[in-house]
Every structure is written in structure tokens, then in C-alpha cells.
Amino acid sequence: MFENNIEKIKILAIESSCDETSAAVVVNGREMKSNVISTQIPLHTLYGGVVPEIASRAHIERINQVIEKALEDAGETFDTIDAVAVTKGPGLVGSLLIGVSAAKAIAWAKDKPLIGVNHIAGHVAANFISNPDLEPPFLCLIVSGGHTTLTRVLDYNEFEILGQSVDDAAGEAFDKVARAIGLGYPGGPKIQEKAKEGDANAIQFPVAKVTGKKYDFSFSGLKSAVLNYLNSMKMKGVEVNNADIAASFQKAVVSALVGHAMDAVEEFGEDRIAIAGGVSANSAFRKAMEEECAKRHIKFYRPDMILCTDNAAMIGAAAYYQYLKQDFSDYSLNAEPGLKL
Ligand code: KG4
Ligand code: ZN
């Protein structure tokens with residue numbers, strides 16, 4: 001739309017919904033001029049998961065520097081950007097509030113439009129940066145620590161949800177299983193590494209089907225199956241092979257995700273599918289999706305690795321399409337921890 005008259009809309013985006021403090025400058029929703037991510041993983045590792053109070057405090061300590069660095073890396077200033085975007089939810093309320101407050105302060109002080117963005121829509125939009133030719137409609141499977149959602153992307157920021165997780169999200173299951181076999185936090189990348197040394201066919205872990213809802217996911221039964229296996233081996237005095245557990249568990253998750261995605265591709269006759277969210281960084285998942293899509297001659301899209309897990313660039317990408325629709329927030333913008341897609 002703006003390409004013809006070469007107008008460039010530069011959005012400063014802020015993300016602080018969980019344990020990454022991030023700021024980015026994105027041009028026209030597609031061009032990432034900067035993307036600064038300050039991770040809190042070392043702070044939370046000691047506790048085996050994200051501690052909300054520690055996360056909020058770390059966001060406060062880092063947010064100003066992260067924003068300044070994002071502007072500096074992009075060669076921009078508060079005066080040269082066109083709008084300020086921020087994740088309004090879902091996420092941890094204390095963490096979200098830090099980003100929302102910072103964005104409101106900048107928007108007010110510099111008289112710029114303020115755009116509140118849904119974090120899950122942001123994950124989908126990461127694909128617009130990594131895949132310049134991707135435009136709606138397409139199918140998207142969002143797999144993160146908090147959400148597992150299969151959706152049709154009807155238009156920018158417009159979704160028709162086909163299914164979602166009824167209990168644990170896939171990423172959450174990765175994190176819990178990793179903890180159970182002593183791999184620590186964050187579980188996803190650790191399971192992926194451990195799985196490389198293991199046999200994915202060593203243990204048959206079941207993935208429950210959700211009755212009635214074809215595209216819903218359930219991963220808590222799988223998590224329990226791993227815990228039961230660990231207990232029964234312990235009671236029998238049999239030493240377990242963590243690499244085999246990691247590989248078998250990962251295979252079960254991947255086959256549930258890919259199975260649902262391919263069923264939807266076939267039912268809706270889609271010819272394009274994207275993945276998004278932290279678990280979309282998983283190499284076994286990416287490979288399986290690539291193979292199954294190739295078999296069906298479906299185009300497969302995925303974000304670059306750095307854009308899979310939480311980052312502000314994806315928020316800037318989603319925000320651009322809200323900007324085009326003048327979908328702005330006023331200063332009453334608040335954190336919405338339970339926000340849905
Ligand atoms: O999207 P994200 O950064 O945050 C949420 O919005 O939840 O996702 C974080 C989740 C964590 O559960 C983490 O273990 C998982 O993504 N994750 C992975 C990998 N990298 C991150 N899971 C499997 N394999 C990975 N390589
Ligand atoms: Zn996320």
C-alpha cells in the first residue's frame with residue numbers, strides 16, 4: 001500500500017510479557033532495523049522456571065537501556081519514529097506493566113500514536129519479517145510456552161481459531177519434562193540437545209486425542225506418561241536413559257503438532273502454512289513440518305530462529321498492520337494478562 005509512494009512507517013516496539021526485555025525498530029512491518037533482546041534466563045535458572053517478581057524487577061532495571069540501544073542500532077531517535085507499540089497481553093501482569101508504562105510514557109512525551117499488541121498475534125507476525133512474500137490468508141500453528149494454537153490467518157491480525165491446547169501448552173510440557181529428567185530451565189532447547197543422543201523409538205509415549213474437538217491439543221497426559229515412566233523405572237531399580245526419554249517425548253509432541261497441522265491443511269485445502277512461537281525453534285519440529293509440507297506440495301513458512309522466541313520485532317510487525325487500520329490505543333491502555341487471540 002505504501003510501497004508506491006515510498007512512505008516508510010517506523011515503529012518502535014517493546015516486549016516484556018515474560019522473561020525477555022526487548023525493544024526493536026521495524027519499518028513497514030517487514031524490515032527489522034534493530035531487535036535488542038535482554039534475556040533473564042540466568043536469573044531464573046536457579047529456580048527452575050520464571051519467578052514473576054524477579055522478572056518484573058529485571059524488566060524495570062533494563063527497559064530504558066534496551067529501548068535506547070534499539071533506537072541507536074536503528075539510527076533512529078524518539079523524534080524520528082512514527083509510533084510506539086507494546087505487548088499488552090497475554091503474559092505476566094507485573095512484566096507486562098513495565099513495557100506498557102514505558103510505551104505510554106514515550107507516546108505521551110513525544111506525542112506519537114500508541115499501539116497495544118496481542119503477544120500471540122506478534123508471534124504470527126514474526127513470519128512477516130522472515131518471509132517477505134507471506135501474506136494472509138494462510139494457516140498458522142503457534143507453539144509457545146503458554147499457547148498451542150492452530151489458526152487460520154484470514155487477514156493481518158484477524159484469526160479464525162481451529163484448535164488450541166485444553167491443558168498444558170507444548171512448550172510448558174517441554175519445560176516440565178526437562179525439569180523431571182534434571183535438564184533444567186528453559187526445557188525446550190535442553191530437550192532438543194539431549195534428544196540428539198537418544199533413540200526416539202525407545203519408549204512409546206502416548207499423546208491423548210481430545211474427544212469432540214478435532215484440532216484441540218492435550219499435552220498433560222504425555223507429561224504424566226513421562227513422569228509415570230520415571231517413577232516405575234525408579235521403583236524397579238532400573239536406570240533410565242535421559243536421552244531416550246528426551247527423544248521419545250520430543251517425537252510424541254512433534255507428531256501431535258504436525259498431525260493436526262496436516263489434517264487442517266487437507267481439510268481446508270490450504271496451500272500455505274506457517275509456524276510460530278518458542279517451540280517453532282525446535283529443529284525436529286521444523287524438519288518434520290518441512291518434510292510433510294514437501295510431500296503435500298504445501299509452502300512452509302517459519303520465522304528465523306531469533307524471531308521464534310519472545311522478541312520486540314514481531315510486536316513491531318503486528319503493530320504496523322494495526323497502524324494501517326488506525327487501530328490505536330489511548331493512555332488508558334493497560335496490561336491484559338489473560339488476553340486471547
Ligand atoms: O514463545 P516463547 O518464547 O514464550 C511464550 O510466549 O511462551 O516460548 C517459550 C517456550 C518455552 O517453553 C521453551 O522451552 C520453548 O518455547 N522452546 C523450545 C525451544 N526453544 C524454546 N521448545 C522446544 N525446542 C526448542 N528449541
Ligand atoms: Zn511468546
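Everything discussed here concerns the structure shown above.
Quick summary incoming for the structure in this document. (Residues numbered from 1 in each chain as written. Chains lettered and ligands numbered in written order. Predicted model: local features only at pLDDT ≥ 70, side-chain atom pairs only at ≥ 80, totals over all residues. Heavy atoms only, no water.)

What to know about the sheet that holds strand β10 (residues 299-301)
For clarity, the cut-off: The pairing criterion is simple: DSSP has to find at least two bridges between the two strands. Helical segments are the DSSP runs of H or I of at least four residues, strand segments are the runs of E of at least two, and each set is numbered from the N terminus. Lines fitted to C-alpha atoms define the axes, with helix axes restricted to the stretch in contact, and inter-axis angles between N-to-C directions lie between 0 and 180 degrees. Residues are treated as being in contact if the distance between any of their heavy atoms lies within 4.5 Å.
A sheet is described by the order of its strands in space; here 5 strands give the open sequence β8-β7-β6-β9-β10, paired in mixed fashion. Each end of this open sheet is capped by a strand with a single partner; those strands are β8 (158-164) and β10. Averaged over all pairs of adjacent strands, the angle between strand axes in this sheet comes to 25°, irrespective of strand direction. Where strand β6 (residues 138-143) and strand β7 (residues 148-155) come together, 6 bridges link them in antiparallel fashion. Considered in β7, the bridge of Ile-142 is made with Thr-149. Packed on one face of the sheet, helix α4 (residues 119-130) meets β6, β7, β8, β9 (272-276) and β10 and runs near 120° to β6.

Quick word on helix α7 (residues 220-236)
Inclusion rule: Between the first and last residue of a helix there are one fewer steps than residues, each counted as 1.5 Å, and that sum is the expected span. Buried means the residue's accessible area, taken with a 1.4 Å probe over protein chains only, is under 20% of the maximum for its type, while exposed means over 50%, and partly exposed covers the values in between. As used here, the arc belongs to the directions running from the helix axis to the C-beta atoms.
Between its first and last C-alpha, α7 extends 24 Å over 17 residues, near the 24 Å set by a 1.5 Å rise per residue. Those residues of α7 lying buried are Leu-222, Lys-223, Ala-225, Val-226, Leu-230 and Met-233. When α7 is viewed along its axis, its buried side chains cluster within an angular range of 160° and face the same direction. Facing away from the buried side of α7 by over 90 degrees, the exposed positions are Asn-228 and Met-235. Buried residues along α7 sit against α5 (170-180) and α8 (242-268). Positive phi shows up at Gly-237, right after α7, with a value of about 70°.

Everything listed here is a matter of geometry and, on its own, says nothing about what the molecule does.
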